[in-house]
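Single-letter residue listing:
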Amino acid sequence: MIEGDAVFEQAGRPASLAYRLCCCKDWRTRRASVSGWIGHDALDLTIERDGAQDWRVNGTPEPAMAGLDDIDLGFTPATNTSALRRLDLREGAGATCVALWLDIEDWTVKRLTQSYRRTGPRTFAYASPKHGYRANLETDDFGAVTEYPGLWTMVCRG
């Protein structure tokens, strides 16, 4: 389980969201929940597997997401940790995968292609081709992302 709280500004509005990600032993995501607010709007979201392959978002089937292993909550790189742990890349190795991604521009779920390449004991080259985004992610010994350049830095460990 990965859980935390994120406080940030989104499109000029303050946001405060609590999240929880539940994974299987192999780090495939089983369920995610998000609750809190963005500006004056409340958000209460549950994304969960319905069987081995299918996903539901707040109880509604999402057939376009069938077969995906990872959930990427777009407001926190904490959810990149499950993909990094699941992929278990050795140094120099890379992989491309597709995540069920929560897009914080419109708060809907979409497919997002991502690639990871392990560049060192605690560093990964990350790319999101859809956004033309590339960065070198830093992790702690567990694999939790501690630095997501230009977007996020871990300030509290515990």
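Our subject is the structure that appears above.
Residues numbered from 1 in each chain as written. Predicted model: local features only at pLDDT ≥ 70, side-chain atom pairs only at ≥ 80, totals over all residues. Heavy atoms only, no water.

Structural notes on the overall build of the protein chain
Test applied: We count a stretch as a helix when DSSP gives it H or I for four or more residues in a row; a strand needs E for two or more, and each element gets its number in order from the N terminus. It is over C-alpha atoms that the radius of gyration is taken, and the globule rule equals 2.2 Å times the number of residues to the power 0.38. Working definition: with a 1.4 Å probe on protein chains only, accessible area under 20% of the residue-type maximum means buried, over 50% means exposed, and in between means partly exposed. We call two residues contacting when some pair of their heavy atoms lies within 4.5 Å. Using the Shrake-Rupley algorithm and a 1.4 Å probe, accessible areas are obtained, with residue cover drawn only from the displayed protein chains. Neither His nor the chain ends contribute to the count of charged residues, in which Lys and Arg are positive and Asp and Glu negative. Every charge is mapped to an atom, namely NZ of Lys, CZ of Arg, CG of Asp or CD of Glu.
Across its full length, the protein chain holds one helix and 13 strands. Going residue by residue from the N terminus, the α and β elements of the protein chain occur as β-β-β-β-β-β-β-α-β-β-β-β-β-β. Against the globule reference of 15 Å for 158 residues, the protein chain gives a C-alpha radius of gyration of 15 Å, in line with a compact fold. The C-alpha extent of the protein chain, read off along each of the three principal axes, is 45 × 35 × 30 Å. Burial analysis of the protein chain (158 residues in total) assigns 44% to the buried set. A sequence separation of at least 24 residues applies to 37% of the contacts in the protein chain between residues at least 6 apart. When the accessible surface of the protein chain is summed, it comes to about 8,400 Å², and 48% of that surface belongs to carbon and sulfur atoms. If you average the places of the 19 positive and of the 22 negative side-chain charges in the protein chain, the two averages end up 6 Å apart.

So, the sheet that holds strand S11 (residues 133-139)
Spelled out, the test is: If DSSP finds at least two bridges between two strands, the strands pair. Only C-alpha atoms enter the line fits that serve as axes; for helices the fit covers just the stretch in contact. Angles between N-to-C directions range over 0 to 180 degrees.
Here we have seven strands laid out as an open sheet, ordered S7-S8-S9-S10-S11-S12-S13, and mixed in their pairing. The strands lining the two open edges of the sheet, one partner per strand, are strand S7 (70-73) and strand S13 (152-153). The sheet contact formed by strand S10 (residues 123-128) and S11 spans six bridges and is antiparallel. The residue of S11 that forms the bridge with Ala 125 is Asn 136. Contacting S7, strand S8 (94-103), strand S9 (108-120), S10, S11 and strand S12 (145-148), helix H1 (residues 80-87) runs over the sheet at an angle of about 55 degrees to S9.

What about the pairing of strand S1 (residues 2-10)?
Pairing between S1 and strand S2 (residues 13-23): nine bridges, direction antiparallel. By the bridge assignment for S2, Phe 8 is matched with Ala 15. Between S1 and S2, which pair antiparallel in sequence order, lie two residues; one of them, Ala 11, sits at a positive phi of approximately 55 degrees.

Side note on the side chain of Asp 140
What counts here: Here a polar contact is taken to be a pair of N or O atoms separated by no more than 3.5 Å, where protein atoms must pair a possible hydrogen donor with a possible acceptor and residues adjacent in sequence count only if both atoms sit in side chains.
You can see Asp 140 is positioned in the loop between S11 and S12. Among the polar contacts made by the side chain of Asp 140, one reaches the main-chain amide nitrogen of Gly 143 at a distance of 2.9 Å. If we skip the residues at most four places from it in the chain, Asp 140 touches Arg 122 and Thr 146.

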